[in-house]
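Fold and geometry: a report
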Amino acid sequence: MKQTRLWMMAAILTICGQSLQAAGDEVNGHAYFTKAQLPDMTKILPPFPAFESARFVADQSQHLWGKLMRQDEARAAQAKSDAVYSMQTAIDAYSPLIGLEITKDGTPAIYAVLQDVLASCDSIYSGAKAKFGRQRPYAYYDEGTLIPEKEEKHRNEGSYPSGHTVFFWTSALLLSDISQSNEAMEALLSRGYEFGQSRVIAGYHWQSDVDAGRMAGSILYQLIRSHERFIEQLAQARAEYKEKAGGSTDVASATRSAQQESSARIYRIDGTPADDTSKGVVIANGKKVIVK
């Protein structure tokens, strides 16, 4: 009997210890996994492009694109705003796209699951960043960024994959899942994509860092979707969304408006804003396209 009690106590302490390790903050959310329970991203992600390799040329080209985008005051301001790594930043960006203000009191189910998902993000990328140890672009070029006050803090921190991208891409995937609306999903993922591109524009990440961040975020969310606690939370969040916004025609019009605004963000090759009448080579969503 005594041995049984000791075994049970040991099991309880083990479970409690795992819970403490999995606890995360966004703010006071609880992660679904400990770091040990997650896959090693260094065994999944491809190695980052070696400096001076052919693949690195593409990163250098996108770095120049990012610097050109800084000439657009509105896009530069967005890149600075997107650099604030917080749940509130995600809420402010994504709430208009689903036609519902996300708050702790007004949408408790959505707020809680968003907290827990975002609390899980650090564990999927932090180990990989440390192991890869990639140099950030502003450190490589010894130049300034859009956010000079953060340069020293992050100068010697690994660049690959982008943690900001994981954070905001994963939150866009979650809210798309909650809304179950194609229009909302299009707007959310478009905006989620731009969060990643903001890191290139700000000068803190190479494009391949951002691309790897989206991959890591997608892997994390796929794992979260099979977690028993999450499955229950997602059902509650979907019901809450359907009750408060899901059937509203305002949601559809809001997401259409957001999509139109996003698709209108087109630039000429020199980085100046373009419009629907522009012809030739332009940059749309960070990629070169030919408009005839």
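Note that the coordinates shown come from a computational prediction; the quantities given were computed from them, not determined experimentally.

Regarding the packing of helix H10 (residues 182–202) against helix H11 (residues 207–224)
One way to put it is that H10 packs onto H11 with a least axis distance of 9 Å and a crossing angle of 150 degrees. Classified by the interaxial angle, the pair formed by H10 and H11 is roughly antiparallel. H10 and H11 meet at a crossing whose hand is right-handed. Facing H10, whose interface residues are Tyr193, Gly196, Gln197, Arg199 and Val200, H11 presents Gln207, Val210 and Arg214. Across the contact of H10 with H11, the residue classes break down as three nonpolar, three polar and two charged.

A closer look at the side chain of Ser162
Position of Ser162 relative to the elements: it lies in the loop between helix H8 (151–154) and helix H9 (163–179). The buried category is assigned to Ser162, whose relative accessible area is 0%. Once you skip the residues sitting within four places of it in the chain, Ser162 turns out to touch Arg199, His205, Asp209, Val210 and Gly213.

Considerations on helix H3 (residues 73–82)
Taken together, the buried positions of H3 are occupied by Arg75, Ala76, Gln78, Ala79 and Asp82. The buried residues of H3 all sit within an arc of 160 degrees when viewed along its axis, so they share a single face. Residue Asp72 occupies the N-cap position of H3, its side-chain oxygen lying 3.1 Å from the main-chain nitrogen of Ala74.

Points about the nonpolar core
Formed by 51 residues in total, the largest nonpolar core has its most connected members in Tyr94, Ile110, Val113, Leu174, Ile178 and Phe230. Counting residues per element, the ones that place at least two in this core are helix H4 (87–98), helix H5 (108–119), helix H6 (121–132), H9, H10, H11 and helix H12 (228–246). Of the residues forming this core, the biggest block, nine residues, is contributed by H9. When residues no more than four places from it in sequence are discounted, the contact partners of Leu174 are Val113, Leu114, Val117, Tyr221 and Phe230. Core analysis: the next-biggest nonpolar cluster, separate from the first, contains 13 residues, Met69, Ala79, Ala83 and Ala202 among them.

Some remarks on H4
Here H4 contains twelve residues, and its C-alpha end-to-end distance of 16 Å stays within 8% of the 16 Å for a straight helix at 1.5 Å per residue. In terms of residue burial, H4 counts as a mostly covered element, since nine of its twelve residues are buried. When H4 is considered as a whole, its buried residues turn out to be Met87, Thr89, Ala90, Ile91, Ala93, Tyr94, Ser95, Leu97 and Ile98. Positive backbone phi, at 70 degrees, marks Gly99, one or two positions downstream of H4.

Conventions we followed
Numbers given to residues run from 1 along each chain, matching the order in which its sequence is written. Thresholds applied to this predicted model are a pLDDT of at least 70 for local features of residues and 80 or more for the giving and counting of side-chain atom pairs; totals over whole chains, interfaces and linings are not thresholded and use all residues. To get the side-chain values, take all heavy atoms of the structure and skip hydrogens and water. Interaxial angle, 0 to 180 degrees, is taken between N-to-C directions of lines fitted to C-alpha atoms, where a helix line uses only the stretch in contact. Numbering goes from the N terminus for both helices and strands, where a helix is a DSSP run of H or I of at least four residues and a strand is a run of E of at least two. Here roughly perpendicular refers to angles of 65 to 115 degrees, roughly parallel to angles under 35, roughly antiparallel to angles over 145, and oblique to all remaining angles. In a left-handed crossing the near helix is turned counterclockwise from the far helix by less than a right angle, and in a right-handed crossing that turn is clockwise. Contacts: residue pairs with any heavy atoms within 4.5 Å of one another. Asp, Glu, Lys and Arg are counted as charged, while Ala, Val, Leu, Ile, Met, Phe, Trp, Tyr, Cys and Pro are counted as nonpolar; the rest, among them Gly, fall into the polar class. Working definition: with a 1.4 Å probe on protein chains only, accessible area under 20% of the residue-type maximum means buried, over 50% means exposed, and in between means partly exposed. As used here, the arc is the angular range of directions from the helix axis to the C-beta atoms. Each polar contact in these results corresponds to two N or O atoms within 3.5 Å; when the atoms are within protein, one needs to be able to donate a hydrogen and the other to accept it, and residues that are neighboring in sequence are counted only if both atoms are side-chain atoms. We call a set of buried residues a nonpolar core when its members are Ala, Val, Leu, Ile, Met, Phe, Trp, Tyr or Cys and they connect through side-chain atoms within 4.5 Å of each other. Take the residue count of a helix, subtract one, and multiply by 1.5 Å to get its expected span.

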